[in-house]
Amino acid sequence: MKRRDFFKYLSLGGAGLALNPVVKAAESSPLFAVDDKPATNIKDAIAVPRVKNSMPGLFPGKVVKVVDEKSVIDGVPSPEAAYNMLKESMLRLTGEKNLKKAWRKFVSPKDVIGLKVNPVAGKLLTTSHAVTGAVIKQLEEAGIPRKNIVIWDRREMQLQETGYTQDKYPGITITGTECQDEKGGYYNMEGKLYAEDRVDKNQYFFADVVGEYDAYTIPFMVNGGKESYFTKIVTEKVTKIINLPILKNAGRSTTLCMKNLAYGSVTNTGRLHTKLWHETSAYVCAFPPLRDKVVLNIVDGLIGCYDGGPSAVPQFICNYNMLLVGSDPVAVDRIGLDIVTKKRIAEGIQKDEIPSSGRFLELAQDLKLGISDRTKIELIEHNI
Amino acid sequence: MIRKNFILLVALLAFYSGVYAQNGLSNFSPSDIKITRERDFTGTALYGFMNGGSDLFLEYGFRDLKALEITYKGIPFTVEVYRMPSPEDAFGIYSQHTFKCIPADSRFYLDCTSARQFQAAEGNLYISIVFDPSAPMAKDFAYVLAKHYTTLYGSGGKPAIPEQVAGLMNPGEEKSLTLKYATGPISLSNINSSIMPLLEEVKGYNAWILKGKGAGDIIFIHFIASEDFSVFSKELTSSGEDKPAEILSSGENSMLLRIK
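Residues numbered from 1 in each chain as written. Chains lettered and ligands numbered in written order. Predicted model: local features only at pLDDT ≥ 70, side-chain atom pairs only at ≥ 80, totals over all residues.

Chemist: Lay out the sheet that holds strand E2 (residues 64-72) of chain B in plain terms, naming residues and giving numbers.
Modeler: Residue and element names in this part refer to chain B. With antiparallel pairing, 7 strands are arranged side by side in an open sheet as E1-E2-E3-E7-E6-E5-E4. Here the strands that pair on one side only, and so sit at the sheet edges, are strand E1 (33-42) and strand E4 (102-103). Where strand E3 (residues 75-83) and strand E7 (residues 125-131) come together, 7 bridges link them in antiparallel fashion. If you follow Thr78 over to E7, its bridge partner there is Val130. (Pairing = 2+ DSSP bridges. Helix = DSSP H or I, 4+ residues; strand = E, 2+ residues; numbered from the N terminus.)

Chemist: Account for the interface of chain B and chain A, naming residues and giving values.
Modeler: Taken together, the contact between chain B and chain A spans 31 residues of the former and 29 residues of the latter. When residues in the side of chain B that touches chain A are grouped by element, the largest group, 4 residues, is from helix H8 (residues 185-191) of chain B. Here the side of chain B that touches chain A is built from residues that sort into 12 nonpolar, 14 polar and 5 charged. (Contact = placed C-beta atoms within 7 Å. Nonpolar A, V, L, I, M, F, W, Y, C, P; charged D, E, K, R; others polar.)

Chemist: Run through the pairing of strand E5 (residues 110-114) of chain B, naming residues and quoting values.
Modeler: Residue and element names in this part refer to chain B. For E5, a buried count of 4 out of 5 residues is recorded, marking the element as mostly surrounded by other parts of the structure. The pairing of E4 with E5 spans 2 bridges and is classified as antiparallel. Within E5, the residue paired with Ile102 across the bridge is Thr113. Note: E5 against strand E6 (residues 117-122), 5 bridges, orientation antiparallel. The partner of Thr113 across the bridge, within E6, is Phe118. Once E5 ends, the chain turns through 2 residues before running back antiparallel as E6. (Buried ≥ 20, exposed ≤ 12 C-beta atoms within 10 Å, placed from the backbone.)

Chemist: Go over the packing of helix H3 (residues 79-94) of chain A against helix H5 (residues 129-141) of chain A, please, and point to the residues and values.
Modeler: All names here are of chain A. Direction vectors running N to C along H3 and H5 enclose 55°, while the axes themselves pass 8 Å from each other. Classed by the angle they form, the pair H3 and H5 counts as oblique. Handedness of the H3/H5 crossing: right-handed. Of the residues in H5, those touching H3 at Pro79, Ala82, Tyr83, Leu86 and Lys87 are Ala130, Val131, Gly133, Ala134, Val135, Lys137 and Gln138. Among the residues forming the contact of H3 with H5, the class breakdown is 8 nonpolar, 2 polar and 2 charged. (Axes fitted to C-alpha atoms, helices over the stretch in contact; angles between N-to-C directions. Parallel < 35°, antiparallel > 145°, perpendicular 65-115°, else oblique. Left-handed = near helix turned anticlockwise from the far one by under 90°.)

Here you go:
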């Protein structure tokens, strides 16, 4: 067995058939120099000059982990605990003593702030309302009006199903790319998907893999072909993004900051799971709508899972009782991956660390989106 | 003696009917089911339900899903009925979800229960029922509901377990604990990834895996095409010291292996 093959298959079944493709683009790093990979337009992303807010943001390589063992009471995340944990996280991340000042390092009242939640696993394992509520409360305390806050994800339907409703969040916009009308239909009178008007066809992730979908599937993919279009939520609607993923696995890897952003922001993702999982997780985040707008990542680990993800399989759901916070999504994902991996080993799901599980982190580091080398990450831990 | 046995029989019947009634199994009525939300997903539309999690189901040939939010006697349940192409595929996807699930393997062909979920493989169906463990009777009602939905949607039939594998199982051994079935790289690598590099050039195969049999897992792998069998055999025998498995026996387009 060749060493190359060995590592290739260690990653199978988790993030998909992992080591297959990478860009043909002649990047300087060896990671981008593999010839037998489908071409992508990652060069287009790299060509756009970085801005002040570009990933990894204000605190490269810095991650705060706050644990409160009493943060989940009778299976329900506590809003009070979440608020305190978030407060401690923000103060420690920024070094500020004043919570408002801590938040104002990232956002201002002029911003339209998108909270990217993750409802895909349904009610059992969504970004908790305790954490989302805590973020909103602290944003308001920092002077951000509710009308400037947007809760969003790829599928509006799943937001509704998991309780992200106008009733529960008055004054806040709740929106998704894929959507239905009040009768449950996906198409307008002209036979056009409602979602088509919500994507920006000028900004896309190209990969030389064709998405082909039947009539059942297309409402969830919006388009087929080789382009995955960005949602207008990130290209037009919001000026800053606060990322709120859940601490959960995706096969043998994780679906944390980068995966939540990448797969939640573009269409035509069905073609990207099996062969391009790592590449998509890293590359899509390198495009300006995400790279330049995501200012903060708050991993909701009050309740998470260690297997069965990204779906919610009850026997694998657990209380991690923690938040992971940082501006650097790569560093946060590295710490999160280590935590989930440790739990998987402890529970007997896998025997050892699988280096290839974090390949997307290396790709992201190479794209200068953050720091994946754990020896260079400053992890600040605090127990309440 | 006859009289004694008769009394014993009556006592047993009384006991079981009591348990049956207590579990709410005797007075099941579909009218007690209130559907609060119903969704159907066909083929790759499963992406609309679980995104990347779909790939595993699709590898098994997933046909369609009936996803229901219901209440039964006022207690909420989430019911997912996955229709697969065959009993083998239904068993396969079930076998991917049995970790920390306490098997019964008696009420259905295969079934197990964890703190918040009842799962079963019956015929061509894989069924999952999630309940709130704090709700009284929820666990028992989950079983009743599973019976109802398998009757409603199922086709019957049992997976055909190859003799080479069945012969290695102990009588009464709980299949939910030891037996797995895979139909491609995602499902097989979830169970045991040792031989994956040897399958790189192989297109179609299925594999039965017996977990924890002595020194290592035992895999019975069957190839759809003889060319693939030849490729795999060549790769395995030329692996040298790195050979991940020893050959226990070989048949027509199939091989029984013990993973090192």
